[in-house]
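Tertiary structure, described
In case you want the letters, here they are:
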Amino acid sequence: MWQSYLNGLLVAAGLIVALGAQNAFVLAQSLRREHHLPVAALCVLCDALLVAAGVFGLATLLAQNPVLLGIARWGGAAFLLWYGVKALRRALNPQALNEAAGAGPRSRRAVLLAALAVTLLNPHVYLDTVLLIGSLGAQQTVPGAYALGAASASLLWFFTLALGAAWLAPWLARPTTWRLLDLSVALMMFAVAGQLLTG
């Protein structure tokens, strides 16, 4: 059970931490202190629902078809290795996170709708959460623990951004910080891919 939980935590953490549209949006809202906690909660909820759909929907499908299980295993490992290589490349050429210029306060509804759009209209969210995290979770001995681990990573990351953005701002503006984050992501991706291939 704990191995499945840890696998979910590490895979999701590696995918969530990479600088992307959703993280940049949460961070910008947090730096502005504009409905940042509801935005973080919404991102966590979306991630948890998408991961659960992937883990439990794919779990049944893969259990009934060993060929699909093999494709998911090898495809998931290949994607993890590719993602790890991408993280290593980013570490060699890191980009500072630029705080978006504020255009005045917006209503909670407008901010949450924007957060939903950034989260659900991004095709990578389906590749990352439903297909990749879901297919890896479907192969775990305890898929529920894996899904909980993935949700925990999302919870920790988004609320860390939301609550610590002002304190983190000077460090997040440094390329060295993103270089270290990307190196950590690459190591996690390689470790989980290796476990998937040898397990």
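Described below are features of the structure shown in this document. (Residues numbered from 1 in each chain as written. Predicted model: local features only at pLDDT ≥ 70, side-chain atom pairs only at ≥ 80, totals over all residues. Heavy atoms only, no water.)

In this structure, the second largest pocket spans a volume of roughly 250 Å³. What lines the second largest pocket is a set of 14 residues, and nearest its centre among them are Asn7, Gln139, Gln140, Gln195 and Leu196. If you list the elements that add at least two residues to the lining of the second largest pocket, you get α1 (2-17) and α8 (175-198). No other element matches the four residues that α1 contributes to the lining of the second largest pocket. Classifying every residue of the lining of the second largest pocket by side-chain character gives five nonpolar, eight polar and one charged. (1 Å grid on protein atoms, 1.4 Å probe; cavity = no way out; pocket = protein on both sides within 12 Å on 5 of 7 lines; lining within 4 Å. Points joined across faces, edges and corners; volume = space filled by probe spheres on them. Helix = DSSP H or I, 4+ residues; strand = E, 2+ residues; numbered from the N terminus. Nonpolar A, V, L, I, M, F, W, Y, C, P; charged D, E, K, R; others polar.)

So, on to unusual backbone geometry. Here His35, not a glycine, exhibits a phi torsion of approximately 55°, which is positive. You can see His35 is positioned in the loop between α2 (21-32) and α3 (36-63). Judged by its relative accessible area of 24%, His35 falls in the partly exposed class. (Buried < 20%, exposed > 50% of the residue type's maximum accessible area, 1.4 Å probe, protein only.)

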